Amino acid sequence: MSKNHRKILFSDLDGTLLDDKKEIEPGTKAAIDQMLNAGHSFSICTGRSLASAKKVAKQYGLDKEGCYIVAYNGGAVYDPAKNVVVSRQTVPLELAKKLYIKAEEAGLYIQSYDSADTVLTRRMTPELELYASRTKSEYQTGVETDGLVEEPSKLLLIDLHSHEKLARFQEENAGWTRQRLNSFFSQVELLEYCPLGISKGTGMHTLCEYLGIADEDCVACGDERNDIPMLEAAGISAVPANAHELVRGCADYICQADNNHGAVGEIIQKLIFG
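Read on for a plain summary of the structure. Per chain, residues are indexed from 1 in the order of the written sequence. Only residues with pLDDT of 70 or above have their local features reported here, since the model is predicted, and side-chain atom pairs are shown and tallied only from 80 upward, although totals for entire chains, interfaces and linings are computed over all residues. The basis for every side-chain value is the complete set of non-hydrogen atoms in the structure, without hydrogens or water.

### Overview of the nonpolar core
Rule in force here: To qualify as a nonpolar core, a set must consist of buried Ala, Val, Leu, Ile, Met, Phe, Trp, Tyr and Cys residues joined through side-chain atoms within 4.5 Å. Only protein chains enter the accessibility calculation, which uses a 1.4 Å probe; a residue whose area is less than 20% of its type maximum is buried, one above 50% is exposed, and one in between is partly exposed. Secondary structure elements are taken from DSSP: a helix is a run of H or I of four residues or more, a strand is a run of E of two residues or more, and numbering for both begins at the N terminus. Two residues qualify as a contact provided that any one of their heavy atoms is within 4.5 Å of a heavy atom in the partner residue.
In terms of nonpolar packing, the biggest core is built from 43 residues, with Leu9, Phe42, Ile44, Leu62, Ile69, Ile267 and Ile268 touching the most fellow members. Top contributing element to this core by residue count: helix α10 (residues 263-272), with six residues. Those residues in contact with leucine 62, other than ones at most four positions away along the chain, are Ile24, Lys29, Ile32, Phe42, Ala57, Cys67 and Pro80.

### Here's the deal with the packing of aromatic side chains
For the record, the criterion: A pair of aromatic rings is counted whenever rings of Phe, Tyr or Trp (Trp by its six-membered ring) have centres within 6.5 Å, and the orientation is called stacked for planes under 30 degrees apart, edge-to-face for over 60 and tilted otherwise. Any Lys NZ or Arg CZ found within 6 Å of a ring centre and within 35 degrees of that ring's normal is scored as a charge over the ring.
Taken as a whole and judged by the stated rule, the model has two aromatic pairs. With 5.3 Å between their ring centres and 80° between their planes, tyrosine 72 and tyrosine 113 make a pair best called edge-to-face. Residue tyrosine 72 is found in the loop between β3 (67-71) and β4 (76-79), and its partner tyrosine 113 is found in strand β6 (residues 109-113); the two are separated by 41 residues along the sequence. Here tyrosine 72 and tyrosine 113 have matching classes, each one buried. Their ring planes at 85° and their centres at 6.4 Å tell us that phenylalanine 169 and tyrosine 193 sit as a pair that is edge-to-face. Note that phenylalanine 169 is positioned in helix α5 (residues 163-172) and tyrosine 193 in strand β11 (residues 190-195), a separation of 24 residues in sequence. The pair formed by phenylalanine 169 and tyrosine 193 is uniform in burial state, with each residue classed as buried. Note that lysine 54 overlies the ring of tyrosine 78, its terminal NZ or CZ placed 4.4 Å from the centroid. Taking the ring centre of tryptophan 176 as reference, the NZ or CZ of lysine 98 above it sits at 4.4 Å.

### Re the environment of glutamate 171
Among the secondary structure elements, glutamate 171 is positioned in helix α5. In this structure the C-alpha to C-alpha distance between glutamate 171 and proline 240, which are 69 residues apart in sequence, comes to 29 Å.

### Overview of empty space enclosed by the protein
Filter applied, for reference: Only protein atoms enter the 1 Å grid, on which a cavity is a set of points fitting a 1.4 Å probe that cannot get out and a pocket is an open set with protein on both sides within 12 Å along at least 5 of 7 lines, lining residues being those with an atom within 4 Å of a point. Grid points are joined across faces, edges and corners, and a volume is the space filled by probe spheres set on the points. Under the convention adopted here, Pro, Cys and the residues Ala, Val, Leu, Ile, Met, Phe, Trp and Tyr are nonpolar, Asp, Glu, Lys and Arg are charged, and Gly plus all remaining residues are polar.
Within this structure, the stated rule accounts for two cavities of 30 Å³ or more. The calculated volume of the largest cavity comes to roughly 200 Å³. Taken together, 19 residues make up the lining of the largest cavity; nearest its centre are Asp14, Arg48, Ser186, Gln187 and Leu190. Among the secondary structure elements, those contributing two or more residues to the lining of the largest cavity are α4 (126-135), β10 (181-187) and β11. Top element by residues in the lining of the largest cavity is α4. It accounts for three residues. Class assignment of the residues belonging to the lining of the largest cavity gives a composition of three nonpolar, six polar and 10 charged.

### Overview of the side chain of threonine 28
The test is simple: In the analysis that follows, any N or O atom pair within 3.5 Å is treated as a polar contact, provided that within protein one partner can donate a hydrogen and the other can accept it, and provided that, for residues neighboring in sequence, both atoms belong to side chains.
Relative to the helices and strands, threonine 28 is located in helix α1 (residues 26-37). For threonine 28, the side chain forms a polar contact with the main-chain nitrogen of glycine 265, separated by 3.4 Å. Ignoring sequence-local partners within four residues, the contact set of threonine 28 consists of Leu17, Gly262, Val264 and Gly265.

Here it is as structure tokens:
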């Protein structure tokens, strides 16, 4: 990676850029401002909806020139300064409805999304309550299968108590989903289903093509399994100290700091300016 080239940092939100209170540590925010002032770029790269990511960006002033958003695990790419949706991919409605029914039959909470990024689900549950609190998402309950009328950017299953139950669901439905959807865990309690071929890695490529930045000038950081495609696609990959074991194995650089102590700030100083 040349020190003379414009670089872009792709950062996951939860467990990476955000601490456990869902805030950006002040030193990290200062480091981001420093890199932006030096002419580099910064992109949030998250599994969250675009609306949720926009709220974080606005709160911390990361919606200005040089800042970008990759949301829905690569399913949406957005330029805040120009208010342009660069790309948006969706799950075919037939598959979304089938997954919705399968989750209900398995006794699992599932949520879909509409084109306004509103969470759609059947009923208020502890899973929805926690998710909405964490991500500041708008939601609508009472949505049954026939109420799904728009192709969602992803579907999300949540179980707060049993990872094994989610893993069993993923395995039991692999036969019909494997060639039609992309499925992975973004946290131990979150099982994601996205459009086939879509990942944070493809979202990174889409934004880089839009900006005319080479992959070798990308630095990517993340802590969970849905970050692996992004880490593998970037010129340099980094993870916070709290990263999942499988994710640590993909990293060129492992931080001394975790997400609560400025890991992304450390990455900026070591890999953008270092």
